[in-house]
Structures are given as structure tokens and as C-alpha cells.
Amino acid sequence: MSRYFIKTPNLIQFLFKNLIWSFSNSNKNEKTIYLTFDDGPTPHITKWVLNTLEEYNAKATFFCIGKNIKNHPNIYQQIVSKGHSIGNHTNNHLNGWKTSTQKYIENIDLAEKLIDNNLPKLFRPPYGKIKPNQARKIRNKGYKIIMWEVLSADFDTTISNEKCLENVIKNTKNGSIIVFHDSVKAGNKMKYALPKVLSHFNDNGYQFKKIP
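In this report, we go over the structure that sits alongside the text. As the structure is a prediction and not an experimental result, all values here were calculated from the model. Within any chain, residue numbers begin from 1 and follow the written order of that chain's sequence. Only residues with pLDDT of at least 70 are given local features in this predicted model, and only at 80 or more are side-chain atom pairs given and counted; all residues enter the totals for whole chains, interfaces and linings. Note that the side-chain values use all heavy atoms of the structure and ignore hydrogens as well as water.

**Observations regarding the nonpolar core**
No. 1: Ranked by internal contacts, the top residues of the largest apolar core, which has 34 residues, are Leu 35, Phe 37, Leu 53, Phe 62, Ile 86, Phe 180 and Leu 194.
No. 2: Runs of H or I in DSSP of at least four residues are treated as helices and runs of E of at least two as strands, each being numbered from the N terminus. Of all the secondary structure elements, the ones that give two or more residues to this core are strand S1 (31-38), helix H2 (45-55), strand S2 (61-64), helix H4 (73-81), helix H7 (161-171), strand S7 (177-181), helix H8 (187-203) and strand S8 (206-208).
No. 3: Take this core: its biggest share by element is six residues, from H8.
No. 4: With residues near it in sequence (within four places) discarded, Leu 35 still touches Leu 53, Ala 60, Thr 61, Ile 178, Phe 180, Leu 194, Leu 198, Phe 208 and Lys 209. We call a set of buried residues a nonpolar core when its members are Ala, Val, Leu, Ile, Met, Phe, Trp, Tyr or Cys and they connect through side-chain atoms within 4.5 Å of each other. Each residue gets one of three labels from its accessible area relative to the maximum for its type: buried under 20%, exposed over 50%, partly exposed in between, using a 1.4 Å probe on protein chains only. Throughout, a residue-residue contact means that at least one pair of heavy atoms, one from each residue, lies within 4.5 Å.

Here it is as C-alpha cells:
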């Protein structure tokens, strides 16, 4: 049995409603999906993602690890220059449940120094694990904490490429936030699923936007 939810249950979204799980759209004629990519920037993989998104005129949000921004500044600048949003994913991919609040906030601050100040302040906790007092302090720093409604599970080595695609296609709806990973571990499944997701929802009248 899986240790994670592919579609975040409504009860969890209700209990933790100070976190952002999806977006509602007042315009019923506009269908929008929010693609997100965690753990980059990563050589070759992130560039492939950027090229693929461009083919479909799609925008997305990249939750970057600070040390990866420092190691690959040119790739980071490509994300920004192509008009995507950047989110803070801590400097060292810390698990909030296993980290003191002081150390967690300090690690976020390290990553923040590497992110363009003109971009919206977005944060996603690695593994989706964050303590209430950590979340409160992060919001007080002006961040929106972005979770997700649909998990592709591209990181799971026990599932097939087809299952990764199915996870997204079957569970995504208008306003959904979807998680992929532009990482080496997830690369093969993500590369299989992403073009098919873009094609499927593009054919069904959806547009792909970055998180504001």
C-alpha cells in the first residue's frame, strides 16, 4: 500500500486550510492547471522541462533547492527568463518534522538569498512535512505556502511510467496544483508523463499557468 496520497483528501485540505492546495476559478469558462516542479534546478533535466513547456506555451512554478541554484545558476536564470515562477524549497531539502524550527527558518533564509527578490514569495516544504509553528513563521515572512492537490509520484521507483501518467490524468481538475520533480531520480517517469499531460489537457481546453 502506498505511503502517500495521489489526490490530497478534502479533509486534509480543510484541516490545513492555511496552506494552499489548489485554486478556485470564478470564471467558469476558463480551465486552468498549475504545474509545479520540485528539487531543481538539475542539469539536462530542468532544461528539458523548460523546452517541453515552451512547446505547449505552458507556464509553471519551480520549487528550487538553494544549493542547486548556487551550483547551477545558469539553469536557474533560464527558468526566470522564460517567465516561470520560482518557489523556495529550503536550501538543503530539509524535512520539517525532523528539524528544529530555528534551523528550518535559517535554511529557508539561505535559499531566499539566491532567489530573485522581484518574484512572488512562494514556499513548499520538502516531503510536504512542516510543523504548525514553522508554517506560521514562514507566513509571517510573507510567503504563501503551496502544497498540492495531485501528486504524480514520479519519484516512486516501484511504479511504472504509465501509472505516473494515470495518477495525473485521472485526478486533475480545474484549479489543480500538480507535483512533478525535475530531479535525476524522477527524470524518466516525468519525461514520459509530462508531454502526455500537456497534450491531453491542452486538447481539452485547459491552460497551464504559474502560481501568482
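**Let's talk about helix H5 (residues 101-112)**
No. 1: With twelve residues, H5 should cover 16 Å at 1.5 Å per step; its first-to-last C-alpha distance of 16 Å lies within 8% of that length.
No. 2: All buried positions along H5 are accounted for by Thr 101, Tyr 104, Ile 105, Asn 107, Ile 108 and Ala 111. Buried residues of H5 fall within an arc of 160° about the axis and therefore sit on the same side.
No. 3: Where the residues of H5 are buried, they touch helix H3 (66-71), strand S3 (85-88), strand S4 (122-123) and helix H6 (132-140). What a helix is expected to span follows from its residue count: subtract one and scale by 1.5 Å. Comment: arc refers to directions from the helix axis out to C-beta atoms.

**Describing the pairing of S3**
No. 1: Both faces of S3 are covered, namely the face carrying Ser 85 and Gly 87 and the face carrying Ile 86 and Asn 88.
No. 2: The pairing criterion is simple: DSSP has to find at least two bridges between the two strands. Two strands pair when backbone bridges link them, and S2 and S3 are joined in this way by four bridges, in the parallel orientation. In the sheet register, Cys 64 faces S3, and the bridge partner there is Asn 88.

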